[in-house]
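# Summary of the model geometry
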Amino acid sequence: MNTKRNTRLALLCGASVFAAATATGASAQDAPQPEQEPQAVDTAPEVEPSDADTIVVIGSQIRGAKINDVLPVTVLDEQAIENTGAASGDELFRAIPQAGTVAFNEQNETTVNNARGDVGSINLRDLGTGNTLLLINGRRMTLHPGFQTELLVPVVSSDTNEITPGSVRRIEVLRDGASAIYGADAVAGVINTVLKGNMNGGFLEADWRGSQGTSLYNYRLSGGLGFDFAEGRGNLTVYGGYFHENGMPASERDYAADDDRTALLEGTDFEGDTQFNNRNTFGPYGQFDIQAPRSATPIGDDDFYLQPDYFPGCDLDFGDGICARGGTTPTRDVRYNRNFGNNLISRKNRYNAMALLNYELTNSLEAYVEASYYRSENRRNITPSAILSAVPVGIARDAYWNPFGPIDSPNRLTDTAISDDGADLIMERYRFVDVGNRDVSVTKNTYRIVTGLRGNFGAWDFDTGLLYSEADTIDLARNRVSLTLMQQQINLTTPDAYNPFNGGCLDDPGQGDCTPNPQSSIDPFRIDVYRKGGTSLALADFKLSRDDLLSLPGGDLGVAAGIEWRRETFYDDRDPRLDGTITFTDSVTGEFNGSDVAGSSPSPDTNGRRDVYSAYAEVFVPLVAPEMDIPLIEELNLQIAGRLEHFTDIDETAAVPRIAASWTTLPGVTFRGAWSQGFRAPNLVQVNDEGTTRSNTNADYVICQAQVQKGIVDDLGDCARGGIISFRSGTENLVPEDSTSINLGVVLEPEFIPGLTLTADYWRVKQEGLVGTFGYDNAIALDFLRRLNGSTNPNVIRLDPTQDEIDLFAGTGLAPAGQIDFVLDDYLNLDGRISKGWDFGLFYRVPDFGLGNFRLRFNAARLESFVQSAGTDGQELLDAVEAGILPDEITVDGLGELLEQNGRPKWRFSSSINWDYGPVDVGLFGHYVGSVYDTSVSRDDPIESDDPNANYFPVEEMFTVNFSIAYTINNDTALDGTRLRFAINNLFDEDPPLADETYGFFSDLHSARGRVFHVELRKKF
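Residues numbered from 1 in each chain as written. Predicted model: local features only at pLDDT ≥ 70, side-chain atom pairs only at ≥ 80, totals over all residues. Heavy atoms only, no water.

Regarding its fold elements, the protein chain presents 12 helices and 48 strands. Rg of the C-alpha trace for the protein chain: 31 Å, near the compact-globule value of 31 Å for 1021 residues, within the 12% margin. Projected onto its principal axes, the C-alpha positions of the protein chain cover 105 × 65 × 55 Å. Looking at the protein chain as a whole, 59% of its 1021 residues are labelled buried. Across the protein chain, the fraction of contacts at a sequence separation of at least 24, relative to all contacts at a separation of at least 6, is 74%. For the protein chain, the accessible surface area stands at approximately 38,200 Å², while carbon and sulfur atoms represent 53% of it. Side-chain charges of the protein chain comprise 82 positive and 149 negative groups, with the mean position of each set lying 5 Å from the other. (Helix = DSSP H or I, 4+ residues; strand = E, 2+ residues; numbered from the N terminus. Rg over C-alpha atoms; globule rule 2.2 N^0.38 Å. Buried < 20%, exposed > 50% of the residue type's maximum accessible area, 1.4 Å probe, protein only. Contact = heavy atoms within 4.5 Å. Areas by Shrake-Rupley, 256 points an atom, 1.4 Å probe, with all protein chains shown as cover. Lys, Arg positive; Asp, Glu negative; His and termini not counted. Charge placed at Lys NZ, Arg CZ, Asp CG, Glu CD.)

What follows covers unusual backbone geometry. Of note, Asn 198 is a non-glycine position whose phi angle comes to about 55°, a positive value. Tracing the backbone shows Asn 198 in the loop between strand S7 (189-195) and strand S8 (201-211). In this structure, Asn 902 takes a positive phi of about 55° despite not being glycine. Within the fold, Asn 902 resides in the loop between strand S41 (896-897) and strand S42 (907-917).

Take the pairing of strand S13 (residues 303-308) next. S13 sits mainly inside the fold: 6 of its 6 residues count as buried. Of the pairings in the sheet, the one linking strand S12 (residues 287-290) to S13 comprises 3 bridges and is antiparallel in character. Among the inter-strand pairings, Gln 287 is bridged to a residue of S13, identified as Tyr 305. Pairing geometry for S13 and strand S15 (residues 322-326), over 5 bridges, is antiparallel. In the sheet register, Tyr 305 faces S15, and the bridge partner there is Arg 325. (Pairing = 2+ DSSP bridges.)

A word on the pattern of salt bridges. Here the structure, examined in full by the defined rule, presents 61 salt bridges. Arg 350 is paired through a salt bridge with Asp 118; the nearest N and O atoms lie 2.6 Å apart. In this pair, Arg 350 is assigned in strand S17 (residues 347-362) and Asp 118 in the loop between helix H3 (89-94) and strand S2 (132-136), connecting sequence segments 232 residues apart. Note on Arg 350: relative accessible area 10%, which makes it buried. (Salt bridge = Lys/Arg side-chain N within 4 Å of Asp/Glu carboxyl O.)

This next bit is on the packing of aromatic side chains. In this description, an aromatic ring pair is defined by two values, namely the gap between the centres and the angle between the planes. This model, assessed by the stated rule, comprises 33 aromatic pairs. Each ring, one from Phe 304 and one from Phe 404, has its centre 5.9 Å from the other, and the planes form 80°; the classification is edge-to-face. Residue Phe 304 is found in strand S13, and its partner Phe 404 is found in the loop between strand S19 (393-395) and strand S20 (425-429); the two are separated by 100 residues along the sequence. By relative accessible area, which is 0% here, Phe 404 ends up buried. One aromatic cluster is present, built from ring pairs that chain together Phe 288, Phe 304, Phe 318, Phe 404 and Phe 501. Of note, Arg 1018 hangs over the ring of Phe 203, and the distance from its end group to the ring centre comes to 4.5 Å. (Phe/Tyr/Trp six-rings, centres within 6.5 Å; stacked < 30°, edge-to-face > 60°. Lys NZ or Arg CZ within 6 Å of the ring centre and 35° of its normal.)

Moving on, we come to a nonpolar patch on the surface. Residues Trp 208, Tyr 217, Ile 965, Leu 980, Phe 982, Val 1015 and Leu 1017 make up a contiguous nonpolar surface patch of about 610 Å² in total accessible area. Relative to the helices and strands, Tyr 217 is located in strand S9 (residues 217-229). Exposure remark for Tyr 217: the relative accessible area of 32% places this residue in the partly exposed category. (Patch = residues over 30% accessible without salt bridge, like charges linked within 9 Å, V, L, I, M, F, W, Y side chains within 5 Å.)

This paragraph deals with the nonpolar core. Membership of the largest hydrophobic core comes to 41 residues, with the highest contact counts inside it found for Phe 304, Phe 318, Met 427, Phe 432 and Met 486. Mapped onto this core, the elements with two or more residues apiece are S12, S13, strand S14 (316-319), S15, S19, S20 and helix H6 (483-490). (Core = buried A, V, L, I, M, F, W, Y, C linked by side-chain atoms within 4.5 Å.)

On to the state of the cysteines. Using the criterion set out here, one finds 2 disulfides in the structure. The partner cysteine of Cys 314 in its disulfide is Cys 323, sulfur to sulfur 2.0 Å. The chirality of the disulfide connecting Cys 314 with Cys 323 is left-handed, given an S-S dihedral of about -60°. The class for Cys 314 is partly exposed, based on a relative accessible area of 31%. (Disulfide = S-S within 2.5 Å.)

Glancing now at the sheet that holds S2. Pairing is mixed across the open sheet formed by 5 strands, whose spatial order is S1-S6-S7-S2-S3. The sheet terminates laterally at strand S1 (73-76) and strand S3 (139-140), the two strands that pair on one side only. Pairing of S2 with S7 involves 5 bridges; the strand directions are parallel. Pairing of Thr 132 across the sheet is with Gly 189, part of S7.

We now examine H6. Helical geometry: 3.6 residues make up each α-helical turn, so side chains three or four residues apart lie on a common side. Burial in H6 covers these residues: Leu 483, Met 486, Gln 487, Gln 489 and Ile 490. Each buried residue of H6 sits inside an arc of 160° when the element is viewed along its axis, so together they form one side. (Arc of directions from axis to C-beta.)

All right, on to the packing of helix H10 (residues 776-788) against helix H12 (residues 871-882) then. Orientation of H10 relative to H12, taken along the N-to-C sense of each, is 60°, at an axis distance of 10 Å. Classed by the angle they form, the pair H10 and H12 counts as oblique. When the axes of H10 and H12 are compared, the crossing they make is left-handed. Residue-level contacts link Asn 778, Ala 781, Leu 782, Leu 785 and Arg 786 of H10 to Asp 873, Glu 876, Leu 877 and Ala 880 of H12. By residue class, the composition of the contact of H10 with H12 is 5 nonpolar, 1 polar and 3 charged. (Axes fitted to C-alpha atoms, helices over the stretch in contact; angles between N-to-C directions. Parallel < 35°, antiparallel > 145°, perpendicular 65-115°, else oblique. Left-handed = near helix turned anticlockwise from the far one by under 90°. Nonpolar A, V, L, I, M, F, W, Y, C, P; charged D, E, K, R; others polar.)

Quick look at the sheet that holds S20 now. Reading across the sheet, the 6 strands line up as S14-S15-S13-S12-S20-S19 and stay open at both edges, with antiparallel pairing between neighbours. Pairing within the sheet leaves two strands with one partner each, and these edge strands are S14 and S19. Put simply, the sheet's adjacent strands are angled 35° from each other on average, direction ignored. H6 contacts S19 and S20 of the sheet and is inclined by roughly 15° relative to S19.

Read these as geometric descriptors, not functional statements.
This is how it looks when you write it as C-alpha cells:
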C-alpha cells in the first residue's frame, strides 16, 4: 500500500483504537440483543439506529429463541446504511466486505446475451452468483429475468437494485451455509432485508448527487406515511420514491474513453505493453477475401484490408485516401476503438412503491399484507454492430461498389488481372460504424405481494403466508443490422447500394466514421432487436415454533418445524431474427446461419418451471446456563436443523443437516462453531437450455502445429485465430451441487470495556458437482493434446480434411484434420471447489463522557484460498502443461488456485466512526478492496517467482472514504423534524485501478463515479 493511501487509512482508522465497519459487527451480538419479534415483519415501532430495540430474526425459525450468539451475523442498521452513501441496492451491498464480485452490472452488459440494464447481484464469499439467498422480511425474492456467464456457466441472481436504501430498516447478513434452515440457494449465506413498517407519522425526502469533473448527476424524491387505526389494532404504512440519473459518456474518464490504454502504463513494469491496446480488428476499414487467384491483383494475396493510404504497406490504391494492404489481420493503427460514443454509466429512472398492512383479528391472531412495485428504465449507447468472424458475408461480383466487378462496372479498379466477369468478395471483418452506436434500453417491472396470518395456538407460535412475485424485462436494441437485408443492400447494382469500401476517418481510423454512407443506404437494413424475459415465484408456507417446549437445566428447549411449496418459472423470448424464426442464408456462398442479426449468435427461446416441496425441523438446546455454576462453562447452547427438498423438474431430493453450538467459557468470552451441508439445484437456465450457439475466436492448434512443422508459421503464438462455433445445451440429468461448510469463531465482550464487541470467524466451504462447461478453448487444446498421442477429443467436431489439408499434414506425424465445424460444450456436473477465509469484526459504543455519542464499527473479510479442481479432462491438460508436452502458448484458465485472479482479493474491509451531539451528526466511512491480478495480461519476459500470479498485470488496491455531516432541527416550529445533510463520497477522488477490461477497470469490484457531492433534505412529521 503506498504512502498516500496509508495517510488516508490513518485519517480514518487512527482516529480511534480500532477502525470501524459498515456492519454492526461480524456477529448478531454486535448489536444489542432484545427478544425476537416474528420472523417475517418487524412489528416494533420505528426506532432510531442507536436504540436498543434492534431485532435480529435471521438464522433461526424459532420465534423468540435467544440463539444469536451461535450465528455469524452482520447487521447494518439505518445509520450504517447511511454511512455507505449508497443510492442503490447495488452500491449498498457492495459495501459489505463479505460480498464478492458483482457479475450483474451495467458496464458488463456488452451483448444481448448478458443481463443488461439497471441490475445488480450478490455473491457472498465469491462462492458463485446464485449461492446467496436474498429475503425480504424473511421470505424469498424472485430472480432477475436475465442471466450472466460466470466461470463459463449461466448464473442467476435476485436484483439487488430492487432494494431501495431509503425503505430499509436494516440488513441482516448470515455469513454461513443455511440450506438446512432456508433451502436451496443458501450455500454461501442469507441476506434478509427488513423494511420500515409500523410507522406512525411520515417523512418527505429529497437528495441530489453530482460526480465532480463530469456531467453525471442524480436526484431522488421519496416519502412515506404510516398510521394506526382501529384503536391501535392495525397499522398501514405506505411509501414510495422516484430516482433519476442522467448518465455519463465513456469519454469523460481517460481509462474508459479508448480501448488503447498503453499511455496509462507509463512508469509501470508494463510500460509499452501492447496487450493494453484492445482496439478491435473489426472497424469501418473492412477486411475482405477476393474469390480469385492471389496473383490477380497487385496485392499479391486474396486477403486484404483497407487503411489510409499514408500508412505503410499499401498495395492497391482505392482512391479518396484509402488503399488496400495484403493480409488477414489489420495493423493496430487501423483498428477500432469500441468505446467511442459509448455510455460508461447509463441514463436511468427508478420507481418504487410499497404498502405494509397488519391487523390484529384477535389477541392471538394477526393478518398482514405486503405489496410492492418496482420499475427501472435504463438506456445507454454501446459499440456499433459488427459481423461475427464465424459468419462472413458474401459480396456479389456485380454489386455496385465492388472494386473487382465486371468490365465496365462503375467502381472496378484498373491494373488488375481480375477476369472480365469480375470476382465475388467475402467480407470477413467489418463494423457498421456509420449505422451508429447500438442504442439499448431495458425496462423492468417487478411486482410482489405477500399475505398471511401469524399468531399463536396456546404456547405455539405460527406463521403462514402466500407469496407471489414476478419480474419482466424488455431489452430493446436499436441500430442493429439484419444480415439478410444488409447483404441485399450491399449487393444492389445501383448507386443507392451500401458501400463497405469507403473506410472511416483518415486521421484516426479508430474514432468514428468520417465517410458514412447516406442514411437512405443504411435505413433499409437497420433494425430493432428485442429480448423479453420473465421470472415468477409463487410460495406457500406454514411455520410452527415454540421456544419453551421443555424446561432443561440449561434453559428452555426451543423447536421449529415447517413445510413450504414454491413454484419458480422463467422464460426467455428472443427476437425472431435471433431464435431461428428468421435466419440468414448467404446469397453468394450459400452458407447458413441461425441468426439474422450481425454480431449475435443464434439463441433459441427457452422457458422452464419447477415445483419445490420442502420440510424442515430445528431444535435449540440450551445445555448449560450460568446458574448451573459449572467451571469454564458459563453457557453452552446447541442448534440442530435438517431439511428435505424435492425438485420436480430434475426429480431430485436433497437432504441436508446443520449443527451449530456456542460455548461461553467466562463472561464475555464465547466460542462458536457450525457444521452444515448444503445444496444448490441447477438453475432453470442450465436445465432448460435447448441448445445455445456461440461464436468465439480461437486458434486451431492442430492445424497450426502442422503449419509450424512445415515452416509456415514460427510457433503456436503466431496461429491465426478464427471463428469457432460452440454448442451448449442443458439437461434435466443435472443434479444439485453439494457443499459442506465449517464455521469456527470467537466473540469477545470484555467486561472492563463496556460496549465493545470483537469477533473472529474462520470458514471453509467445499463444493462438489459444480455445474459448468469444460470450455470451448480447453476442448480444442485437449483435442490437440490427444491428436499428438493418436486419439481425438470427440467433443471437437471437424469437417472432413480437404486435399490441401491432407497435403499440409503429410510428413508431420499427425493424422490429417479438417477445419473445426463446432465444439460441443454441454452443461455438466463437473468439478469441485474449496474456499476458505476469515471474518473479523468490531463494534464499540463508547461510554458517554459528556462529549456526545461515539460508535465505532469494523468489518473485514480475508479470503485465504479459492481452489478450483480440474476434473479428469482438465487434469489431463494441466499434467501436459506441467510436463512440457503442451507448449507455453497454450494455457488452461479457471483451474487451480484462483485467489486474487480477476477478482477475489485477499482483503476487503469497511469501517466507520459516527459521532452525534445534540442536533449534529458526523460520520466517517472507509471501504477497502485489496489488489488482484488481471490474467488477460502477462509479462512479455516472464520472471521466476514462487508467486503464481507474478507474471500477470497487478490491479492495485482501492480505498475510499466518505464524509457526512447532518443537522436536525428540534423545536416547536413548522421546521421541527427537518434535517439537512451534506456528504462527500470518495472524499479523495480515487479512480478505479487500471485493468485490461472493457472500460479499463473491474466493474464487478470498483466504481467509476469518483468524488460525489451529496445534499439531502428530510422532513419528518
